Amino acid sequence: MIIDLRSDTLTKPTPEMLQAMMQAEVGDDVYKEDPTVNKLEEHIAHLFGMDAALYFPTGSMTNQAAIKIHTQPGEQLIADKYAHVYNYEGGGVSFNSGVSCKLVDGHRGMITAEQVEENINPPDFYHSPLTSLVCLENTTNKGGGACYDFREIVKIRKVCDEHGLGLHLDGARLWNALVATDESPKDYGEVFDTISVCLSKGLGAPMGSVLVGKQKFMDKAMRVRKVLGGGMRQVGFMAAAGLYALEHNWQRMAEDHRKAQELATALAAHAKVALVEPVETNILIFKLRPEVDELKFIQQLKEKQIFISALGKGKLRMVTHYDYTDAMHAHLLDLLSSKNL
Ligand SMILES: *Cc1c(COP(=O)(O)O)cnc(C)c1O
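Residues numbered from 1 in each chain as written. Predicted model: local features only at pLDDT ≥ 70, side-chain atom pairs only at ≥ 80, totals over all residues. Heavy atoms only, no water.

Within the protein, the secondary structure is distributed over 15 helices and 13 strands. Since a compact globule built from 341 residues should have a radius of gyration of about 20 Å, the 20 Å found for the protein is in line with a globular shape. Look at the contacts in the protein between residues 6 or more apart in sequence, and 75% of them connect residues 24 or more apart. The distance from the centre of the 36 positive side-chain charges to the centre of the 44 negative ones in the protein is 5 Å. (Helix = DSSP H or I, 4+ residues; strand = E, 2+ residues; numbered from the N terminus. Rg over C-alpha atoms; globule rule 2.2 N^0.38 Å. Contact = heavy atoms within 4.5 Å. Lys, Arg positive; Asp, Glu negative; His and termini not counted. Charge placed at Lys NZ, Arg CZ, Asp CG, Glu CD.)

Assignment of secondary structure puts K315 in strand 13 (residues 315-319). Among the residues examined, K315 registers a relative accessible area of 17% and is labelled buried. Excluding residues that lie within four positions of it along the chain, K315 makes contacts with Y82, E277, I285, F286, K287, E294, S309 and A310. (Buried < 20%, exposed > 50% of the residue type's maximum accessible area, 1.4 Å probe, protein only.)

The UniProt record marks K201 with the feature "modified residue: N6-(pyridoxal phosphate)lysine" (unreviewed entry), using the residue numbering of this structure. As for its placement among the helices and strands, K201 is situated in the loop between strand 7 (194-198) and strand 8 (209-213). When sequence neighbours within four positions are dropped, the list of residues in contact with K201 reads D8, T9, T11, A172 and R173. (UniProt positions renumbered as here; feature names shortened; annotations may be inferred.)

Below, the discussion takes up the UniProt feature "domain: Aromatic amino acid beta-eliminating lyase/threonine aldolase" (unreviewed entry) in the protein. The sites that carry the UniProt feature "domain: Aromatic amino acid beta-eliminating lyase/threonine aldolase" (unreviewed entry) are, in the present numbering, residues 4-287. Structurally, residues 4-287 comprises 42% helix and 17% strand, and the distance from its first C-alpha atom to its last is 19 Å.

For the pair helix 2 (residues 35-48) and helix 12 (residues 236-248), interaxial distance at closest approach is 8 Å and the crossing angle is 35°. The interaxial crossing formed by helix 2 with helix 12 has left-handed handedness. For the pair helix 2 and helix 12, contact is made by T36, V37, K39, L40, H43 and I44 and by G236, A239, A240, G242, L243 and L246, respectively. For the contact of helix 2 with helix 12, a count of residues per class yields 7 nonpolar, 4 polar and 1 charged. (Axes fitted to C-alpha atoms, helices over the stretch in contact; angles between N-to-C directions. Left-handed = near helix turned anticlockwise from the far one by under 90°. Nonpolar A, V, L, I, M, F, W, Y, C, P; charged D, E, K, R; others polar.)

On to the pairing of strand 6 (residues 166-171), then. Within strand 6, 6 of the 6 residues are buried, leaving the element largely enclosed by the surrounding structure. Pairing geometry for strand 5 (residues 131-137) and strand 6, over 5 bridges, is parallel. Note that in strand 6 the partner of C135 across the bridge is H168. Pairing geometry for strand 6 and strand 7, over 4 bridges, is parallel. Its bridge partner being in strand 7, D170 is matched across the sheet by S196. (Pairing = 2+ DSSP bridges.)

Our focus in this paragraph is the side chain of S200. Along the chain, the position of S200 falls in the loop between strand 7 and strand 8. For S200, a relative accessible area of 16% corresponds to the buried category. Residue contacts for S200: discarding those within four places in its chain leaves D8, T9, A205, P206, M207 and G208.

Close to the ligand lie T58, G59, S60, N63, H84, E89, E137, N141, D170, A172, R173 and K201, which account for all nearby residues. Within the side chain of H84, an N or O atom sits 3.4 Å from a nitrogen atom of the ligand. In this structure, an oxygen atom belonging to the ligand sits 2.9 Å away from a side-chain N or O atom of R173. Relative to its unbound accessible surface of 380 Å², the ligand loses 83% to contact with the protein. Considering each element in turn, the shell around the ligand owes the most residues, 3 residues, to helix 3 (residues 59-70). Residues that form the shell around the ligand fall into these classes: 1 nonpolar, 6 polar and 5 charged. (Near = heavy atom within 4 Å. Polar contact = N/O pair within 3.5 Å; in protein donor to acceptor, adjacent residues only side chain to side chain. Areas by Shrake-Rupley, 256 points an atom, 1.4 Å probe, with all protein chains shown as cover.)

As structure tokens, then:
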């Protein structure tokens, strides 16, 4: 039994998902003639109550396209210091858009309306870059799967309106946040200009991300996707996996969240563990005691066919997902409560 908790991107399509993919009706999506991609885009636009949606190969490309659409070279966006768009997209913000990031020292990857306001450069002070966009992330990745308080997002929207800034959500794991908080996608559709969501994380599709947004931004999305090399042809096979995943794998995320909670409880009681960050969704970040060697701990787990990731600075991460079965969970809980680790 291999237990792989490095990421929720490691899931593989089930036979049922493969069946749905094989049966997809397809066409050339660059001509907008793939009925399954069109159906997925309409479904997601409708879900969020937004004007339009566009299918992309990856979440990074979706975020990068959004940033390109919202900004001009030389401008600046505001994001938390942990933001995926800043840390994990290969420097794409500067490479693709010629934009700089004003990083905010937020809490678990989340920033406040007050912090946004403080970090806006005065627009008539031409020495500093023009602030044009705010990027939020929900749930936060490096912040340990934390969920925003929606009331704070509404306050941030207000600040953006007062200062004429765009507001983009990196919602790679928004599906998890929606399950954990009982909020609806329409709440999000009302406050953001653009939202990116991933189909290949907790939902378990092999690939795909969708940008959903207001028409005036989405008008530019097809061109930007083409420029980034993301125009795909008979990709309805993959979109079918996304549609299948939304129908069958979304609400079950509550189970991933429960398992992450239970692992957190077991880890908190473990002699080698110094600290477990609060668990809100499917990501669990913990720290070992200073005298415990981190690499050795990971190696010991590896020898037992259990894989987790190191985030640096002594932080370790586990991510639960639908390929992490009840049997694996029982086995790992047993191991954590035994003296064998
Ligand atoms: C995974 C992820 C993305 C997109 O990643 P891709 O691997 O490019 O699909 C974007 N934002 C966050 C917060 C993520 O966790």
